[in-house]
Amino acid sequence: MNKSLVLSTALALIATAGMAEQITVMSWGGTYSQSQVEAYQKPFTADTGITVVSVDSDNPAIPIKAQVEAGNVTVDVVDIEYADAIRLCDEGLLEEIDPAMLPPAPDGTPASEDFLPQGLSDCAVGSIVFSTVYAYDRTRFPDSPPTTIVDFFDTAKFPGKRGLKKAPKALLEMALMGDGVPADQVYDLLSTPEGVDRAFAKLDTIKDDVVWWETGAQAPQLLADGEVVLSTAYNGRIFNAAVSEGRPFDMVWDGQVYEYNLFAIPKGAPNKDAALEYIAFATGTQRLANQAKWISYGPARKSSAPLVGLYQDGKTEMAPNMPTNPDNMKNALASSYDFWVDHEAELTERFNAWLSAS
C-alpha cells in the first residue's frame, strides 16, 4: 500500500476523532430526563455525531452555581427553572444566548416571537411548561374523589397522609388557594406578612399528616406504596405512572401552579459551541412537540402545540393532559419569578424554621 496514502488516511481519522465532540447535559432525572434523551439527545447525536452524556440532580441550579464559582465547570447544558435562570444570569453565572441563533417557526415566525411568555430570557431558552398538581389513588376514593385544591387540606372528608414537596415554592401558593384564595389574588396576598402567616396557618392544619418528598420520582412512589392518600407532584410524573405503569392515579388540576423549565449554558462550559448547537436543535418546533410523546409537559413554543400528538403508546392523546389545556387552566396559577427572586431566601428560612418547630 502507498505509504503516503496510509499517512493521509491516518491523519484524516485523527482529525475526525478530534471533531467527535461530547457534551454533558444536566437535568432532573427519571422520566423527565428520559423524555429528553428520546426527543433531543438521540436525534441530536444521529444528526451531528456529537455524543451527549446525561447527568441528574435534584435541583441542577445548585451544583451549577457551585461549579461556576469554583471555576471547575464540567456541564455544558443545564435544565433549570425560570426563576433560577433569571437569578443565575443576573449573577453572571450563565452565558448569554442570542435568540437570533434559534430556528424560526415553520411559518417563518422568529423564535423571539414564537416562544410563550417566560419562554426566553437573556441566558436561557425554554423547553417545557410543567405543573405542580396533586394526585390521588382512585381506589382509595371510589365513590366521592377529591376535585378541588380545598379538598387536599380537608382531612375530615379525605382522611390520610399527604405528600408534599419539602420546599416553600408552589406549596405556599397552594396553601392559600386551599384556604379559598382565588389564583389571581395569591401573589398580592403572599407579598404581605398577613398572607405568609395565613399560608403557614393553613399548612399547620395538615402538618401532622405530611410525608415529605424531595425528588420528582418520590411523589408517585409514595402513592403507589400507600404511604399517602394524596400528594402534590409534577404532572408529568403522575401521567407516566398512570399511563406507562398502569397505576390507578388521577390528577386534580384545580389549584395547579405552572412554570417553565429552560436550557442554559454555565459560564465557562467546556464545549460552549456544541452546547449552543444542542439548544438550537432541541428547542426547534418539532423537537419540542416530540418531547410530549414521552411526558405530559407542554412545549414552550406556540408553533409546537398543534404538532403535539399521541403518547408513545400510540393511543393516548397528549393535548388533554397538558398543563396548558384550557380545561386544566380554570383555577391555575402561573408561578411568579419576580416574587420568588425577591422572596425565596426569606421564605425558605421561614419554611425551615416552621419545619423544625414542634
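Whatever comes next refers back to the structure up there.
All values derive from a computational prediction rather than experimental measurement. (Residues numbered from 1 in each chain as written. Predicted model: local features only at pLDDT ≥ 70, side-chain atom pairs only at ≥ 80, totals over all residues. Heavy atoms only, no water.)

**Regarding the overall build of the chain**
Argument step 1. Regarding its fold elements, the chain presents 14 helices and 11 strands.
Argument step 2. For 358 residues, the compact-globule estimate of 2.2 N^0.38 gives 21 Å, and the chain sits close to it at 22 Å.
Argument step 3. Overall, the C-alpha framework of the chain stretches about 85 × 45 × 40 Å when taken along its three principal axes.
Argument step 4. When the accessible area of the chain is evaluated, it comes to approximately 15,600 Å², of which 51% is carbon and sulfur surface.
Argument step 5. Across the chain, the 26 positively charged side chains and the 49 negatively charged ones have centroids separated by 5 Å. (Helix = DSSP H or I, 4+ residues; strand = E, 2+ residues; numbered from the N terminus. Rg over C-alpha atoms; globule rule 2.2 N^0.38 Å. Areas by Shrake-Rupley, 256 points an atom, 1.4 Å probe, with all protein chains shown as cover. Lys, Arg positive; Asp, Glu negative; His and termini not counted. Charge placed at Lys NZ, Arg CZ, Asp CG, Glu CD.)

**What to know about the pairing of strand E2 (residues 51-56)**
Argument step 1. Relative to E2, strand E1 (residues 22-27) runs parallel, the two being bridged by six bridges. Its bridge partner being in E2, Met 26 is matched across the sheet by Val 55.
Argument step 2. Regarding the hand of the β-α-β motif, the stretch spanning E1, helix H2 (residues 30-48) and E2 is right-handed. (Pairing = 2+ DSSP bridges. Right-handed = clockwise from strand over helix to strand, strands pointing away.)

**Quick look at the nonpolar core**
Argument step 1. Within the largest apolar cluster, 49 residues are counted, with the highest numbers of intra-cluster contacts made by Ile 23, Ile 80, Tyr 278 and Ile 279.
Argument step 2. Contributions of two or more residues to this core are made by E1, H2, helix H3 (61-70), strand E3 (77-81), helix H4 (82-90), strand E5 (124-137), strand E9 (249-264) and helix H12 (272-282).
Argument step 3. With eight residues, the top contributor of residues to this core is H12.
Argument step 4. Membership of the second largest hydrophobic core comes to 36 residues, among which are Tyr 134, Val 186, Phe 200 and Trp 354. (Core = buried A, V, L, I, M, F, W, Y, C linked by side-chain atoms within 4.5 Å. Buried < 20%, exposed > 50% of the residue type's maximum accessible area, 1.4 Å probe, protein only.)

**Focus: the packing of helix H9 (residues 193-204) against helix H14 (residues 337-356)**
Argument step 1. With their axes 12 Å apart at the nearest point, H9 and H14 run at an angle of 30° to one another. Overall, the two elements H9 and H14 adopt an arrangement that is roughly parallel. The way H9 lies across H14 gives a crossing that is right-handed. Contacts between H9 and H14 pair Val 196, Asp 197, Phe 200, Leu 203 and Asp 204 from the former with Leu 347, Arg 350, Phe 351 and Trp 354 from the latter.
Argument step 2. Partitioned by chemical class, the residues of the contact of H9 with H14 number six nonpolar, no polar and three charged. (Axes fitted to C-alpha atoms, helices over the stretch in contact; angles between N-to-C directions. Parallel < 35°, antiparallel > 145°, perpendicular 65-115°, else oblique. Left-handed = near helix turned anticlockwise from the far one by under 90°. Contact = heavy atoms within 4.5 Å. Nonpolar A, V, L, I, M, F, W, Y, C, P; charged D, E, K, R; others polar.)

**Side note on the packing of aromatic side chains**
Argument step 1. Under the definition given, this model contains 20 aromatic pairs.
Argument step 2. Arranged with centres 5.2 Å apart and planes meeting at 85°, the rings of Phe 44 and Tyr 278 form a pair that is edge-to-face. A residue pair is termed long-range when its members are at least 10 positions apart, and Phe 44 in helix H2 and Tyr 278 in helix H12 qualify at 234 residues.
Argument step 3. Centroid distance Trp 212 to Trp 354: 6.1 Å. Interplanar angle 90°. Geometry classified as edge-to-face. Here Trp 212 is found in strand E7 (residues 210-213), whereas its partner Trp 354 is found in helix H14, with 142 residues between them in sequence.
Argument step 4. On the basis of relative accessibility, which here comes to 25%, the residue Trp 212 falls in the partly exposed class.
Argument step 5. Feature note: the residues Tyr 32, Phe 130, Trp 213, Tyr 234 and Tyr 297 constitute an aromatic cluster, connected by ring pairs.
Argument step 6. Taking NZ or CZ as reference, Lys 207 lies 4.4 Å from the ring centre of Trp 354, over its face. (Phe/Tyr/Trp six-rings, centres within 6.5 Å; stacked < 30°, edge-to-face > 60°. Lys NZ or Arg CZ within 6 Å of the ring centre and 35° of its normal.)

**Observations concerning the side chain of Gln 41**
Argument step 1. By the secondary structure assignment, Gln 41 is in helix H2.
Argument step 2. Residue Gln 41 is classed as buried on the basis of its relative accessible area of 6%.
Argument step 3. Of the polar contacts made by the side chain of Gln 41, one reaches the side chain of Ser 54; its length is 2.7 Å.
Argument step 4. Ignoring any residue separated from it by four or fewer positions in sequence, one finds Gln 41 in contact with Val 25, Gln 36, Val 52, Ser 54 and Tyr 278. (Polar contact = N/O pair within 3.5 Å; in protein donor to acceptor, adjacent residues only side chain to side chain.)

**Description of a negative patch on the surface**
Argument step 1. Judged by side-chain charge, Glu 21, Asp 47, Asp 273 and Glu 277 come together as a negatively charged surface patch.
Argument step 2. Counting through the fold element by element, Asp 47 comes out in helix H2.
Argument step 3. Residue class for Asp 47 comes out exposed when judged on its relative accessible area of 57%. (Patch = residues over 30% accessible without salt bridge, like charges linked within 9 Å, V, L, I, M, F, W, Y side chains within 5 Å. Salt bridge = Lys/Arg side-chain N within 4 Å of Asp/Glu carboxyl O.)

**Digging into the state of the cysteines**
Argument step 1. Tallying each qualifying case throughout the model produces one disulfide.
Argument step 2. Put simply, Cys 89 and Cys 123 are joined by a disulfide, and their sulfur atoms are 2.0 Å apart. Given an S-S torsion of about 50°, the disulfide between Cys 89 and Cys 123 has right-handed geometry. Residue Cys 89 is located in helix H4, and its partner Cys 123 is located in the loop between strand E4 (120-121) and E5; the two are separated by 34 residues in the primary sequence.
Argument step 3. Among the residues examined, Cys 123 registers a relative accessible area of 1% and is labelled buried. (Disulfide = S-S within 2.5 Å.)

**Topic: H3**
Argument step 1. Where H3 is concerned, the buried positions are Ala 61, Ile 64, Gln 67 and Val 68. The buried side chains of H3 occupy one side of the element, clustering within an arc of 130° when seen end-on. Opposite the buried face of H3, by more than 90 degrees, sit the exposed residues Ile 62, Glu 69 and Ala 70.
Argument step 2. Against the buried residues of H3 lie E1, E3 and H4. (Arc of directions from axis to C-beta.)

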